[in-house]
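Topology and contacts: notes
Okay, here's what each chain looks like letter by letter:
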Amino acid sequence: MLSIKNLHASVEGKEILKGINLEINPGEVHAIMGPNGSGKSTLSQVLAGNEAYEVTSGEVLFNGENLLDKETEERAREGIFLAFQYPVEIPGVSNLQFLRTAVNAKRKHLGEPEMNAAEFMKLAREVSKQVDLNPDFLKRGVNEGFSGGEKKRNEIMQALLLQPKLAILDETDSGLDIDALKVASDGVNALRSADRAILMVTHYQRLLNHIVPDHVHVLAGGRIIKSGGRELALELEEKGYGWLGIKDEDDAPVAG
Amino acid sequence: MANTDRQVNELIKREYEHGFVTDIEADTFEPGLNEDVIRRLSAIKNEPEFMLEWRLKAYRRWLEMDEPDWAHVDFPKVDYNAISYYSAPKKKEDMPQSLDEVDPELLKTYEKLGIPLHERAKLAGVAVDAVFDSVSVATTFKEPLEKAGVIFCPISEAVQKYPELVQKYLGSVVPVGDNYFAALNSAVFSDGSFVYIPKGVRCPLELSTYFRINAANTGQFERTLIVADDDSYVSYLEGCTAPMRDENQLHAAVVELVVLENAQIKYSTVQNWYPGDENGKGGIYNFVTKRAACIGNNSKVSWTQVETGSAITWKYPSCVLRGDNSVGEFYSVALTHNYQQADTGTKMIHLGKNTSSTIISKGISAGRSSNAYRGLVKFGPGAEAARNFTQCDSLLIGDRCAAHTFPYIESQNKTAIVEHEATTSKVSDEQMFLCRQRGIDAEQAVSMIVNGFCKEVFKELPMEFAVEAGKLLEVSLEGSVG
Ligand SMILES: Nc1ncnc2c1ncn2[C@@H]1O[C@H](COP(=O)(O)OP(=O)(O)O)[C@@H](O)[C@H]1O
Ligand SMILES: [Mg+2]
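Residues numbered from 1 in each chain as written. Chains lettered and ligands numbered in written order. Predicted model: local features only at pLDDT ≥ 70, side-chain atom pairs only at ≥ 80, totals over all residues. Heavy atoms only, no water.

Another point: the site of ligand 1. All names here are of chain A. Taken together, 13 residues lie near ligand 1, and Ile 16, Gly 37, Lys 40, Ser 41 and Thr 42 sit nearest. Between ligand 1 and the protein, one listed contact pairs an oxygen atom with a side-chain N or O atom of Lys 14 at 3.3 Å. Between ligand 1 and the protein, one listed contact pairs an oxygen atom with a side-chain N or O atom of Thr 42 at 2.5 Å. For ligand 1, whose unbound accessible area comes to 560 Å², protein coverage reaches 66%. Secondary structure elements with two or more residues in the shell around ligand 1: strand S2 (14-24) and helix H1 (40-48). When residues in the shell around ligand 1 are grouped by element, the largest group, 3 residues, is from H1. Across the shell around ligand 1, the residue classes tally to 4 nonpolar, 6 polar and 3 charged. (Near = heavy atom within 4 Å. Polar contact = N/O pair within 3.5 Å; in protein donor to acceptor, adjacent residues only side chain to side chain. Areas by Shrake-Rupley, 256 points an atom, 1.4 Å probe, with all protein chains shown as cover. Helix = DSSP H or I, 4+ residues; strand = E, 2+ residues; numbered from the N terminus. Nonpolar A, V, L, I, M, F, W, Y, C, P; charged D, E, K, R; others polar.)

What follows is about the nonpolar core. Ranked by internal contacts, the top residues of the largest apolar core, which has 109 residues, are Phe 98 of chain A together with Val 450 of chain B. Among the elements that line this core, the one with the most residues is helix H12 (residues 442-453) of chain B, at 7 residues. If sequence neighbours within four positions are ignored, Val 450 of chain B has contacts with Leu 335, Ile 364, Leu 395, Ile 397, Leu 473 and Leu 477 of chain B. Formed by 55 residues, the second largest nonpolar core is a distinct cluster that contains Leu 52, Ala 183, Leu 184 and Leu 225 of chain B. (Core = buried A, V, L, I, M, F, W, Y, C linked by side-chain atoms within 4.5 Å. Buried < 20%, exposed > 50% of the residue type's maximum accessible area, 1.4 Å probe, protein only. Contact = heavy atoms within 4.5 Å.)

Glancing now at unusual backbone geometry. Residues and elements named next belong to chain B. Of note in the backbone geometry, Asn 298 takes a positive phi value of approximately 55° without being a glycine. Looking at where Asn 298 falls in the secondary structure, it is placed in the loop between strand S9 (283-294) and strand S10 (300-307). Its identity is not glycine, yet Asn 354 carries a phi of approximately 60°, on the positive side. Considering the arrangement of structural elements, one finds Asn 354 in the loop between strand S14 (341-350) and strand S15 (356-365).

Any two packed helices are characterised by how steeply their axes cross, that is the angle between the axes, and by the distance between the axes. Residue and element names in this part refer to chain A. At a minimum axis distance of 10 Å, the contact between helix H5 (residues 148-162) and helix H6 (residues 178-191) shows a crossing angle of 15°. Relative to H6, the element H5 is oriented roughly parallel. The handedness of the crossing between H5 and H6 comes out as left-handed. On H6, the residues that touch Arg 153, Ile 156, Ala 159 and Leu 160 of H5 are Ala 180, Val 183, Ala 184, Gly 187, Val 188, Ala 190 and Leu 191. Across the contact of H5 with H6, the residue classes break down as 9 nonpolar, 1 polar and 1 charged. (Axes fitted to C-alpha atoms, helices over the stretch in contact; angles between N-to-C directions. Parallel < 35°, antiparallel > 145°, perpendicular 65-115°, else oblique. Left-handed = near helix turned anticlockwise from the far one by under 90°.)

Take the packing of aromatic side chains next. Residues and elements named next belong to chain B. In total, this model carries 16 aromatic pairs over all chains according to the counting rule given. Each ring, one from Phe 181 and one from Phe 287, has its centre 4.4 Å from the other, and the planes form 35°; the classification is tilted. Note that Phe 181 is positioned in helix H10 (residues 180-188) and Phe 287 in strand S9, a separation of 106 residues in sequence. With respect to burial, Phe 181 and Phe 287 carry one shared label: buried. A network of ring pairs unites the aromatic residues Tyr 59, Trp 62, Tyr 80, Tyr 180, Phe 181, Phe 287, Trp 314 and Tyr 316 as a single cluster. The ring centre of Phe 189 lies 4.2 Å from the NZ or CZ of Arg 55, which sits over that ring. Residue placement shows Arg 202 over the ring face of Tyr 233; its charged tip is 4.1 Å from the ring centre. (Phe/Tyr/Trp six-rings, centres within 6.5 Å; stacked < 30°, edge-to-face > 60°. Lys NZ or Arg CZ within 6 Å of the ring centre and 35° of its normal.)

Attention shifts here to the sheet that holds strand S10 (residues 197-202) of chain A. Residues and elements named next belong to chain A. The mixed open sheet is built from 6 strands, whose spatial order is S6-S9-S10-S3-S11-S12. Looking at which strands have only one partner, the edges of the open sheet turn out to be strand S6 (80-83) and strand S12 (223-228). Strand-to-strand, the axes of this sheet are offset by a mean angle of 20°, without reference to chain direction. Each of S6 and strand S9 (166-170) touches H5; the most contacted strand, S6, lies at about 165° to it. (Pairing = 2+ DSSP bridges.)

Further remarks concern the UniProt feature "domain: SUF system FeS cluster assembly SufBD N-terminal" (unreviewed entry) in chain B. Here the UniProt feature "domain: SUF system FeS cluster assembly SufBD N-terminal" (unreviewed entry) sits at residues 147-202 of chain B. Helix makes up 45% of residues 147-202 of chain B and strand 16%. Its end C-alpha atoms lie 12 Å apart. (UniProt positions renumbered as here; feature names shortened; annotations may be inferred.)

We now examine helix H3 (residues 49-64) of chain B. Helix length check: H3 of chain B (16 residues) gives 23 Å between terminal C-alpha atoms against 22 Å at 1.5 Å per residue, within 8%. Among the residues of H3 of chain B, those classed as buried are Phe 50, Met 51, Leu 52, Trp 54, Arg 55, Leu 56, Ala 58, Tyr 59 and Trp 62 of chain B. (Expected span 1.5 Å × (residues − 1).)

A separate point is the coordination of the magnesium ion (ligand 2). Residues and elements named next belong to chain A. Taken together, Ser 41 (OG) and Gln 85 (OE1) make up the full set of protein donors to the magnesium ion (ligand 2), lying 2.1 to 2.3 Å away. Taken together, the positions of Ser 41 in helix H1 and Gln 85 in the loop between S6 and strand S7 (90-94) put the pair 44 residues apart, joining distant regions of the chain. By relative accessible area, Ser 41 is classed as partly exposed at 22%. (Donors = N, O, S within 2.8 Å, 3.2 Å for Na, K, Ca; no water.)

Looking now at the interface of chain A and chain B. Contact residues are listed per partner, giving 31 residues for chain A and 18 residues for chain B. Summing the contributions of chain A and of chain B, the shared interface buries around 2,000 Å²; its carbon and sulfur component is 62%. Linking chain A to chain B there are 4 salt bridges. Across the pair Arg 438 of chain B and Glu 155 of chain A runs a salt bridge whose closest N-O atoms are separated by 2.7 Å. Counting residues per element, the ones that place at least two in the side of chain A that touches chain B are H1, helix H2 (72-77), S6, S7, helix H3 (95-109) and H5 of chain A. (Buried area = accessible area lost by both parts, 1.4 Å probe. Salt bridge = Lys/Arg side-chain N within 4 Å of Asp/Glu carboxyl O.)

This paragraph deals with the UniProt feature "domain: ABC transporter" (unreviewed entry) in chain A. Mapped onto the present numbering, the UniProt feature "domain: ABC transporter" (unreviewed entry) falls on residues 2-246 of chain A. The distance from the first to the last C-alpha atom of residues 2-246 of chain A is 27 Å, and the span holds 36% helix and 29% strand.

Before going further, it helps to examine the side chain of Ser 44 of chain A. Residue and element names in this part refer to chain A. In this structure, Ser 44 sits in helix H1. Classification of Ser 44 by relative accessible area gives buried; the value is 1%. When near neighbours in sequence (up to four residues on either side) are disregarded, Ser 44 contacts Leu 82, Ile 168, Asp 170 and Val 201.

With that settled, the discussion passes to the confidence of the model for chain B. Looking at chain B as a whole, its pLDDT mean stands at 79, while 75% of the residues score no less than 70. Predicted confidence for residues 125-140 of chain B stays below pLDDT 50, and this span has 25 contacts to residues more than four positions away or in other chains. (pLDDT = per-residue confidence, 0-100.)

Residues and elements named next belong to chain A. Read from one edge of the open sheet, 4 strands run S2-S1-S4-S5, paired in antiparallel fashion. Only two strands of the sheet have a single neighbouring strand rather than two, namely S2 and strand S5 (65-66). When strand S1 (residues 2-11) meets S2, the two strands line up antiparallel, connected through 8 bridges. Bridged to Ile 4 within S2 is Leu 22.

In this section: the pattern of salt bridges. Residues and elements named next belong to chain B. In total, this model carries 27 salt bridges over all chains according to the counting rule given. Arg 60 serves as the salt-bridge partner of Glu 35, at 2.8 Å between the closest nitrogen and oxygen. On the criterion of sequence distance, the pair formed by Glu 35 in helix H2 (residues 35-44) and Arg 60 in helix H3 is long-range, its members being 25 residues apart. When its relative accessible area of 24% is taken as the criterion, Glu 35 is described as partly exposed. You can call Arg 60 partly exposed: its relative accessible area is 38%. We note a salt bridge from Lys 315 to Glu 307, for which the minimum N-O separation is 2.3 Å. Assigned by exposure class, Lys 315 and Glu 307 land together as buried.

This is the structure:
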């Protein structure tokens with residue numbers, strides 16, 4: 001589904017990704033772990049098409065097509081979804097309106113009929129309950145005045161509504177307490193399916209207790225330095241990033 | 001007086017002799033402004049003497065005045081002698097005969113606005129059946145209005161039919177010498193609307209002058225007068241759209257609202273005059289004086305405006321809060337794009353006790369445009385316990401545009417309270433990326449963000465107008481990203 005070959009990217013002239021190689025197949029859940037500043041968010045943003053990041057070389061194929069040639073919105077409509085590490089607020093634009101516009105943009109692209117306000121309201125109410133957000137959140141401005149945890153659950157709700165082919169989740173666990181983490185993880189697990197892939201980006205291993213990955217990769221200094229199965233995350237938890245000779249700028253524990 | 005009367009009559013005769021009427025094929029006055037032109041104008045309209053006198057007084061005042069230059073706008077001097085001050089509706093033969101003959105760009109815009117087909121035709125100046133003529137449209141609703149005793153007619157008709165009301169109230173809020181453009185308007189106004197809501201009547205319909213000004217090219221100096229008598233209510237909608245023309249056109253309207261005891265007027269405008277092209281060529285100079293006098297106790301006025309058009313806008317709908325407990329509100333969205341310039345805001349003049357006013361202004365600048373809010377809140381010595389709340393927000397799209405805020409506060413009463421909040425924000429790259437990552441294209445994203453920014457004002461608009469205003473922003477913002 002996704003094939004990343006020797007991807008290099010820089011931001012403001014500074015090279016951050018220094019040759020990423022990664023293959024993701026439908027149905028798989030991949031976790032990318034790494035200390036702060038290793039380039040996890042950069043990789044997520046580059047895949048989603050943020051123009052602030054410049055791809056300097058390499059190739060990314062998505063379902064056989066050149067992903068890097070496509071506009072951000074086109075990638076989105078074709079099934080790439082990014083749950084943001086820091087979701088931004090859009091004051092005055094109701095969540096409901098925002099989400100319906102997004103869902104209809106995608107439906108239109110796929111030649112499906114657009115959903116009217118009533119149909120969408122019904123769907124959105126159901127999905128909001130799935131991530132334990134009061135349907136009142138639908139009426140509020142996009143992320144406007146949401147707590148950190150509410151923002152993250154709102155991101156998962158959007159993934160559930162948009163039903164992407166590839167969901168990239170950037171630090172979805174950060175800022176969540178144990179209960180909220182459970183709710184968000186349940187949401188992500190509900191996304192798991194044979195024709196969908198999930199790429200989880202995280203500093204900590206605790207999320208992986210709830211969402212069990214098929215593959216784990218360690219990103220450091222803009223390169224994937226080690227890949228393995230679920231056990232790699234557990235090993236990291238036990239031994240810390242230092243075990244792989246990586247300095248964790250934060251010195252934060254891998255466990256949490 | 002009698003002498004003038006005779007002179008006027010003679011003049012009228014002379015004009016007839018000189019064949020204005022016989023020469024009706026040439027339906028536009030030659031450019032230029034002098035007393036003769038005003039006399040001819042008044043004569044054609046068959047106005048009573050007091051109107052001519054009033055016009056001449058205004059003209060003489062205007063001659064002594066200087067064009068204001070304090071607004072935060074910049075434009076070449078208007079040559080008032082290069083303008084024609086009367087242009088009768090064109091004959092049907094001269095207009096496009098069907099939509100096929102109309103500029104397809106213009107039609108595309110109407111389509112995007114969701115304007116029904118027959119109205120698009122009218123907007124484009126197609127010579128359609130007279131049913132679509134504004135006067136006739138008004139007559140469709142004549143019955144319920146008449147039943148309620150509401151007068152709603154062209155001001156030229158009111159001058160004939162209700163001269164005592166017109167004479168009593170015309171110029172009572174905006175005197176002939178109030179300002180340069182108001183004086184000019186008073187001298188040469190072509191037409192406009194007159195509304196009178198009798199005591200105790202809640203107007204059964206929302207009154208609207210939608211599209212009317214476009215129908216012909218006579219609408220550059222409209223005059224609107226609305227009088228709400230004791231305990232009455234009326235909601236009035238004004239929509240303006242202008243065809244595209246390469247040359248700049250001057251539009252200097254005056255709107256006067258008179259609100260008596262316990263009465264309320266809600267006045268909503270969606271202004272979409274032609275703003276000029278993307279290089280700043282053409283467009284309307286929109287120099288408008290709008291003022292409401294809350295004369296009675298407990299009276300209320302709300303101005304809600306959505307301004308997206310015009311090359312230059314110079315407009316300050318104001319409230320004179322004379323009656324005790326009277327309330328003034330101003331809700332405004334002003335959007336500028338390309339090379340548009342807007343200097344708009346309001347004046348709240350608190351004279352009565354316990355008067356209150358609210359100002360919510362949302363300015364959006366895109367392209368190389370400049371958008372200024374200018375507001376005056378004034379408390380007279382008698383404005384005991386009066387209060388004002390002002391919120392003034394600016395949104396910038398791109399980095400070549402500008403926003404300015406000029407709040408003025410003058411208080412002669414220590415018990416008056418003023419609260420002022422102002423913010424400036426930008427449509428951020430992060431917001432745009434979030435929208436686009438969700439599959440929403442850039443233009444739609446900007447329009448959604450801008451609509452969100454304007455929400456507090458849009459909710460004050462009547463329903464259909466709010467929908468239209470949203471669409472209008474979308475059209476006006478085209479090309480503002482990318
Ligand atoms: N928009 C940006 N502007 C400047 N530097 C950036 C930007 N985004 C990321 N960086 C830099 O790139 C490096 C990697 O950041 P990031 O991808 O956010 O790492 P991670 O998500 O793994 O913590 C850091 O050194 C960070 O400072
Ligand atoms: Mg990160």
